[in-house]
Amino acid sequence: MMIGAQTKAANVAVAWKDYAYADARQAIVVTTKDWNTISGTARIFERKSKNAAWTSIGKSFPVVVGANGMAWAQALNELPSDTGRILMKTEGDGKAPAGIFALLSSFGSAAKPSFVKLPYQRLTESIECVDDVKSAVYNQIVDRNSKIKNDWNSSEKMLAVGAQYDLGVFVGHNRTRQAGGGSCIFLHIWKNKNSGTAGCTAMARANIETVLKTLDPAKNPVLIQLPEDSYRKYQTQWNLPKFGK
């Protein structure tokens, strides 16, 4: 995904969309037992307006997060004052970002499925997500064959990842692209239910399809991702969806 004026030059997906969590009317909520747990549970919520109560949509389903758990990250929410006891996410740490994040666009290895409403990028051999912290396009999905300057020495060749990237969603993490703050965070298909990721949130193919059938860019969808204790702690303060155990 390209940001701002560079979008046309790269000819990939869309620019970052400006919205706050208060504007969100759809949410994918992911919780884990604690900061180090790989396995988690996802739930889908909607609300009719920014002042309405969140309502659960469908059944919960299992996910996996980073192989090393989660870490606080740059997000739509303000970082809690006690984040010092939990390390902040960094590039290559194997941790999924914790917080509230915009869900901006989607991608896949085939033509855009009819059920996908988010902007969609079909993956080709030249589509890459840049994880080189020194690059001007760090934490962006780019087309190597476009006019953009190829100034990166490290990137994820997304099509080569295979079945896990047959369908996915770009998570708006590290929006300001702080060098070393982490990059290329997605919702995507898992390898299996026991394998953590490099920092993404992964799930069964049927569930990513359900997510993509639901997400509507007009409803400013977000990912809310936290360990259970932090979710309970900030539920009221951040007006997070409510659910039972």
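First things first, this report covers the structure right here in the doc. One numbering rule holds for all chains: residues counted from 1, following each sequence as written. Only residues with pLDDT of at least 70 get local features here, since the model is predicted, and only at 80 or more are side-chain atom pairs given and counted; chain-wide, interface and lining totals rely on the full set of residues. Computation of side-chain values: all heavy atoms of the structure, hydrogens and water removed.

### Overview of the overall build of the protein
- Across its full length, the protein holds three helices and 13 strands.
- Only the C-alpha atoms count toward the radius of gyration. The rule for a globule is 2.2 Å times the residue count to the power 0.38. Rg of the C-alpha trace for the protein: 17 Å, near the compact-globule value of 18 Å for 245 residues, within the 12% margin.
- Across its three principal directions, the C-alpha atoms of the protein cover 50 × 40 × 35 Å.
- We call two residues contacting when some pair of their heavy atoms lies within 4.5 Å. Counting only contacts in the protein whose residues sit at least 6 apart along the sequence, the fraction spanning at least 24 positions is 66%.
- Note on areas: Shrake-Rupley with a 1.4 Å probe; residue coverage comes only from the protein chains shown. Carbon and sulfur atoms make up 49% of the accessible area of the protein, which amounts to about 11100 Å² in all.
- Side-chain charges in the protein split into 31 positive and 20 negative, and the spacing between the mean points of these groups amounts to 6 Å. Secondary structure elements follow DSSP: runs of H or I no shorter than four residues count as helices, runs of E no shorter than two count as strands, and numbering proceeds from the N terminus. When charges are counted, Lys and Arg contribute as positive and Asp and Glu as negative, whereas His and the chain ends are disregarded. Taken as the charge location is NZ of Lys, CZ of Arg, CG of Asp or CD of Glu.

### Focus: the sheet that holds strand S9 (residues 155-157)
- An order of S8-S7-S9 is seen for the three strands of this open sheet, with the pairing classed as antiparallel. With partners counted over all chains shown, the strands left at the sheet margins are strand S8 (141-143) and S9, one partner each. Across the sheet, the mean angle from the axis of one strand to that of its neighbour is 35 degrees, orientation sign disregarded.
- One ladder, built from three bridges, connects strand S7 (residues 127-130) with S9; its direction is antiparallel. Along S9, the bridge assignment pairs Cys 129 with Glu 156. By this definition, two strands are paired if DSSP reports at least two bridges between them. Lines fitted to C-alpha atoms define the axes here, with helix axes fitted over just the stretch in contact, and angles between the N-to-C directions of these axes take values from 0 to 180 degrees.

### What to know about the pairing of S7
- Burial status follows relative accessibility: with a 1.4 Å probe on protein chains alone, a residue under 20% of its type maximum counts as buried, one over 50% as exposed, and anything between as partly exposed. Along S7, one buried face is formed by Ile 127 and Cys 129 and the opposite face, lined by Glu 128 and Val 130, is buried too.
- By the bridge criterion, three bridges tie S7 to S8 in an arrangement that is antiparallel. By the bridge assignment for S8, Cys 129 is matched with Ile 141.

### Some points on the packing of aromatic side chains
- A pair of Phe, Tyr and Trp rings is counted when the ring centres sit within 6.5 Å of each other, with Trp represented by its six-membered ring. The angle between the planes then sorts it: under 30 degrees is stacked, over 60 is edge-to-face, the rest tilted. All told, the structure shown has 11 aromatic pairs when counted by the stated rule.
- Considering the side-chain rings of Tyr 21 and Trp 54, the 6.3 Å spacing of their centres and the 15 degrees angle between planes classify their relative orientation as stacked. Separated by 33 residues along the polypeptide, Tyr 21 in the loop between helix H1 (7-10) and strand S1 (26-32) and Trp 54 in the loop between strand S2 (39-46) and strand S3 (55-64) bring together distant segments of the chain.
- With a relative accessible area of 10%, Tyr 21 lands in the buried category.
- Here Phe 107 and Tyr 165 contribute two aromatic rings whose centre-to-centre distance is 5.5 Å and whose plane-to-plane angle is 70 degrees, an arrangement assigned as edge-to-face. Highlighted residues: Phe 107 in strand S5 (residues 96-108) and Tyr 165 in the loop between S9 and strand S10 (167-172), separated in sequence by 58 residues.
- Residue classification places Phe 107 among the buried positions, given a relative accessible area of 1%.

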